[in-house]
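Per-entry structural report
Each chain is listed here by its residues.
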Amino acid sequence: MSETIDSLLHEERRFPPSSDFTATSVATPALYEDAGKDRLAFWADQARELLEWSTPFTETLDWNNPPFARWFADGRLNVAYNCLDRHVLAGNGDRVAIHWEGEPGDSRSITYAELTREVMKAANALEALGIRRGDRVAIYLPMIPEAVIAMLAVARLGAIHSVVFGGFSAESLRSRIEDADAKLVITADGGWRKGKVFPLKNAVDSAIASQTDGTSTVEHVLVVRRGENDVDWTEGRDLWWHDVVDSAPDEHEAEPFEAENPLFILYTSGTTGKPKGILHTSGGYLTQCAYTHKNVFDLHPETDVFWCTADVGWVTGHSYVVYGPLANGATQLIYEGTPDTPHPGRWWELIEKYGVTILYTAPTAIRAFMKTGREYPQKFDLSSLRVLGSVGEPINPEAWIWYRDIIGGGRTPVVDTWWQTETGAIMVSALPGITSAKPGSAQVPLPGISVDVLDESGNRVGNGNGGLLVVTEPWPSMLRGIWGDPERFIETYWEKFDFEGSPNRRMYLAGDGARLDSDGDVWILGRVDDVMNVSGHRLSTMEIESALVSHPIVAEAAVVGASDDTTGQAVVAFVILRAKQAEAQTAAEAEALLKAQVAEQIGAIARPRRIFIVTELPKTRSGKIMRRLLRDVAEGREVGDTTTLADTQVMNVITDKLR
Ligand code: 6R9
């Protein structure tokens, strides 16, 4: 780790903005000045400028009961109206909102007027199914327009969506439905991935059937036809989308709700086995989504075609596929499938076809493209691109340079954007047209955002040093809590830096390590807790360990994130089998069985790259597993300092066995 950090900090290349870009750039230095003068007035201005309020707010921030923030609390608005109707009323109904491309090559372009009508119909259909303000609706869909329509229809009613990534298992879906007491599930028969239809409806069936107390809060399952695959049907409960939505009336008045009305719950991995339901609300969230989408990507909505490649199952898809771009009236591309289907140049072909001007993706994708070779992007005309963005994990300078040179033709600014499910929207990033870019660094907090790096005791580390990344002031799109668990919310994020005697000096602990360089720019070093980052997706070591030990052949398991050239980190597990089982099967059989177990319990993204069957695990005298040593083994390194182990021989036993 320290080696990588050192080499990162020796990165000397700088990319100042071109004068051409600066001449027309959306962001100007005045943003920093205004935010610096009066932070709250700055956010109030953004909220008024970027959104339409049915009732204007008079109070910007209520922070009297930290960490429970209320932003714009006496204002009222409808989130879906802000993403749809107002653009139509402003005369932009004919602008394309979504160019959608299915993996098999089918496509649809949907204007703002059409999208508004679709959402109105869906809202009427959901209302007819009994969905009201505050109800929870689980959405388990592929990347098809109905995913966006469903989210906005739920938002329009003031209800709360909980989108579950289509790659998650029935078991993950079950726990999320149950935690939020969802009343309705919106799914599809299946979706396209890697040239095949993957089923979804069957997972919903088993998720509902396996609810712990045998009953379920789910009254209906609304099913979009996409895969044309066979599905089982529960009469009375299951309904086809085309039956109930297509025939619903296409007029629907959007009722304004208070700014703090909950908008969505999104589950994310934490340090314990149970995923956290991160809660976001309406006015502040939408303000920061719109503000960041406009300024960080230099959005010119009349001419740009924006493409964020994230699935709506992740926060990036919420904020930069749905809410940011639509609040700003942007035209965007949504693609259903995988980057290499049916050929390795599919993404570049899409950029050429739709004239994409802004691309937002993850370092893991960039590194995978670097491996397949520049000849694929070079077959297509990518000259429409003018801004590139990166998110999800640290981007190594080599990938940053490749992205700029090969995809951006050596001209485009690259913005590395740091943020989290919890922060709701981008927090730290360069601004194109203003910032001189440093490959590998997320650089500076956005105007209106205050971050710092502290040591364990809460002292500022200062430039040139590393420590824990904190957000020092509340921000509009901050999480408002963990669904049903206020204590865990406080404990996880606000307790470490709760400065005694000054209750409103609580700081938000991000869970990432960071370093400030001599200019004060932020370099994100990765998680400091037991959260792994695999291909930009958060996975908890504890969650995978509990999936492993829930299999009858496993006695004990330890999971580590080993560094991986493409995916950033990869899941590697060390497992002790129960005595009888150890004899009954070969290590290869056990490994295959347990990989399948993890995929089934959590989802294919969590499937370990390697499972080592061992007879011992390295533990300290207090019984804590020393994952650091296992990481050494997983990464093929000399094992580090073992002196604090209860049994100092145990690593020899493990490494001998694996040799
Ligand atoms: C948006 C998103 C959050 C975690 C975060 C950090 C890592 C995200 C990053 C980055 C370095 C960046 N992360 N962006 N690390 N540079 N630009 O990814 O949300 O899925 O909640 O993950 O991802 O470790 O704490 P989420």
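What counts and how
Residues numbered from 1 in each chain as written. Predicted model: local features only at pLDDT ≥ 70, side-chain atom pairs only at ≥ 80, totals over all residues. Heavy atoms only, no water. pLDDT = per-residue confidence, 0-100. UniProt positions renumbered as here; feature names shortened; annotations may be inferred. Helix = DSSP H or I, 4+ residues; strand = E, 2+ residues; numbered from the N terminus. Near = heavy atom within 4 Å. Polar contact = N/O pair within 3.5 Å; in protein donor to acceptor, adjacent residues only side chain to side chain. Nonpolar A, V, L, I, M, F, W, Y, C, P; charged D, E, K, R; others polar. Disulfide = S-S within 2.5 Å. Buried < 20%, exposed > 50% of the residue type's maximum accessible area, 1.4 Å probe, protein only. Pairing = 2+ DSSP bridges. Right-handed = clockwise from strand over helix to strand, strands pointing away. Contact = heavy atoms within 4.5 Å. Domains from an automatic or database assignment. Buried area = accessible area lost by both parts, 1.4 Å probe. Expected span 1.5 Å × (residues − 1). Axes fitted to C-alpha atoms, helices over the stretch in contact; angles between N-to-C directions. Parallel < 35°, antiparallel > 145°, perpendicular 65-115°, else oblique. Phe/Tyr/Trp six-rings, centres within 6.5 Å; stacked < 30°, edge-to-face > 60°. Core = buried A, V, L, I, M, F, W, Y, C linked by side-chain atoms within 4.5 Å.

1. Quick look at the confidence of the model for the protein
For the protein, the average pLDDT comes to 93, and 97% of its residues sit at 70 or higher. Listed scores for the predicted complex are pTM 0.91 and ipTM 1.00.

2. Observations regarding the UniProt feature "domain: AMP-dependent synthetase/ligase" (unreviewed entry) in the protein
Residues given the UniProt feature "domain: AMP-dependent synthetase/ligase" (unreviewed entry) here are residues 89–483. End-to-end, the C-alpha atoms of residues 89–483 are 36 Å apart, and along that stretch the chain is 29% helix and 23% strand.

3. Side note on the UniProt feature "domain: Acetyl-coenzyme A synthetase N-terminal" (unreviewed entry) in the protein
Mapped onto the present numbering, the UniProt feature "domain: Acetyl-coenzyme A synthetase N-terminal" (unreviewed entry) falls at residues 30–83. Secondary structure across residues 30–83 comprises 46% helix and 11% strand; the distance between its end C-alpha atoms is 27 Å.

4. Overview of the site of the ligand
Near the ligand, the surroundings consist of 17 residues, among which Asp416, Thr417, Thr421, Asp512 and Arg527 are the closest. One of the side-chain N or O atoms of Asp512 is found 2.5 Å from an oxygen atom in the ligand. At the level of secondary structure, the elements contributing two or more residues to the shell around the ligand comprise helix 13 (315–327), strand 20 (414–417) and strand 25 (522–527). Among the residues making up the shell around the ligand, the classes are represented as 6 nonpolar, 6 polar and 5 charged.

5. Concerning the state of the cysteines
Enumeration over the complete set of coordinates arrives at 0 disulfides. Cysteine Cys289 is unpaired, with the sulfur of Cys83 as its nearest cysteine sulfur at 8.8 Å.

6. Remarks on the pairing of strand 20
Here strand 20 shows two buried faces, one formed by Val414 and Asp416 and the other by Val415 and Thr417. With 4 bridges connecting them, strand 19 (residues 387–391) and strand 20 associate as parallel partners. Among the inter-strand pairings, Val391 is bridged to a residue of strand 20, identified as Thr417. In this fold, strand 19 hands off to helix 16 (residues 397–407), which returns the chain to strand 20; that crossover is right-handed.

7. Focus: the environment of Ile149
Of note, Ile149 is situated in helix 8 (residues 145–156). Sequence spacing of Ile149 and Lys121 is 28 residues, and the spatial spacing of their C-alpha atoms is 9.5 Å. Each residue touching Ile149, except ones within four places of it in the same chain, is listed here: Leu115, Glu118, Val119, Ala122 and Trp241.

8. Focus: the environment of Asp106
Looking at the element boundaries, Asp106 is found in the loop between strand 4 (96–101) and strand 5 (107–111). The exposure class assigned to Asp106 is partly exposed, which follows from its relative accessible area of 31%. In this structure Asp106 touches Trp100, Glu101 and Arg226, once residues within four positions along its chain are discounted. At a separation of 2.7 Å, a polar atom in the side chain of Asp106 contacts the side chain of Arg226.

9. Some words on the domain arrangement of the protein
The assigned domain composition of the protein is domain 1 (19–438) and domain 2 (535–657). Centre-to-centre, using C-alpha coordinates, domain 1 lies 35 Å away from domain 2. With 23 residues of domain 1 at the interface, the matching set in domain 2 holds 19 residues. Summed over both sides, the interface of domain 1 with domain 2 buries roughly 1,600 Å², with 47% coming from carbon and sulfur. The largest per-residue losses of area from domain 1 upon contact with domain 2 belong to Ser269, Trp314 and Thr364, which jointly make up 28% of the total buried on that side.

10. A closer look at helix 12 (residues 283–296)
Its 14 residues give helix 12 an end-to-end C-alpha distance of 20 Å, which sits within 8% of 20 Å, the value for a rise of 1.5 Å per residue. Of all 14 residues that make up helix 12, 13 are buried, and the element is covered over most of its length. Of the residues flanking the end of helix 12, it is Asp298, one or two places downstream, whose phi is positive at about 50 degrees.

11. Observations concerning unusual backbone geometry
Following Pro66, the chain continues into Pro67 via a peptide bond in cis, with omega recorded as 5 degrees. Assignment of secondary structure puts Pro67 in the loop between strand 1 (61–62) and strand 2 (70–71). Here the amide bond leading from Thr341 into Pro342 is cis, since omega sits at 0 degrees, within 30 degrees of zero. Take Pro342: it is sitting in the loop between strand 17 (331–335) and helix 14 (346–354). Even without being a glycine, Glu228 presents a positive backbone phi close to 60 degrees. With respect to the helices and strands, the residue Glu228 is situated in the loop between strand 11 (220–224) and strand 12 (238–240). For Glu228, a relative accessible area of 60% gives the class exposed. A positive phi angle, close to 50 degrees, is found at Ser535, a residue other than glycine. Relative to the elements of secondary structure, Ser535 occurs in the loop between strand 26 (531–534) and strand 27 (537–540).

12. Things to note about the packing of helix 12 against helix 13
Where helix 12 meets helix 13, the closest approach of the two axes is 8 Å, and the angle between their N-to-C directions is 85 degrees. With respect to helix 13, the element helix 12 is oriented roughly perpendicular. In this structure, helix 12 contributes Tyr285, Leu286, Cys289, Ala290, Thr292 and His293 to the contact, and helix 13 contributes His318, Ser319, Tyr320, Tyr323, Gly324, Pro325 and Ala327. Each residue belonging to the contact of helix 12 with helix 13 can be placed in one class, and the counts come to 8 nonpolar, 5 polar and no charged.

13. Things to note about the packing of aromatic side chains
Scanning all chains against the criterion turns up 31 aromatic pairs. When the centroid spacing of 5.4 Å and the interplanar angle of 55 degrees are considered together, the rings of Phe68 and Phe489 count as tilted. Of this pair, Phe68 sits in the loop between strand 1 and strand 2 while Phe489 sits in helix 17 (residues 486–493), placing them 421 residues apart in sequence. The exposure class assigned to Phe68 is partly exposed, which follows from its relative accessible area of 29%.

14. Side note on the pairing of strand 26
Alternating residues of strand 26 divide into Val531 and Asn533 and Met532 and Val534, and every residue in both groups is buried. Sheet topology places strand 26 next to strand 27; 4 bridges connect them, and they run antiparallel. Looking across to strand 27, one finds that Val531 is bridged to Ser540. In textbook terms, the turn of a hairpin is the stretch between consecutive antiparallel strands, and for strand 26 and strand 27 this stretch comprises 2 residues, one of which, Ser535, has a positive phi near 50 degrees.

15. Here's the deal with the nonpolar core
Membership of the largest hydrophobic core comes to 161 residues, with the highest contact counts inside it found for Ile186, Tyr323, Ile544, Leu548 and Val575. Sorting elements by how many residues they give to this core places helix 8 first, with 9 residues. Inspection of this core shows a minimum of three residues originating in each of domain 1 (19–438) and domain 2 (535–657). Excluding anything up to four places from it in sequence, Ile544 contacts Met532, Leu539, Val559, Val571, Val598, Ile602 and Ala606. Counting residues in hydrophobic clusters, the runner-up holds 29 residues, among them Phe15, Trp347, Leu350 and Tyr354.

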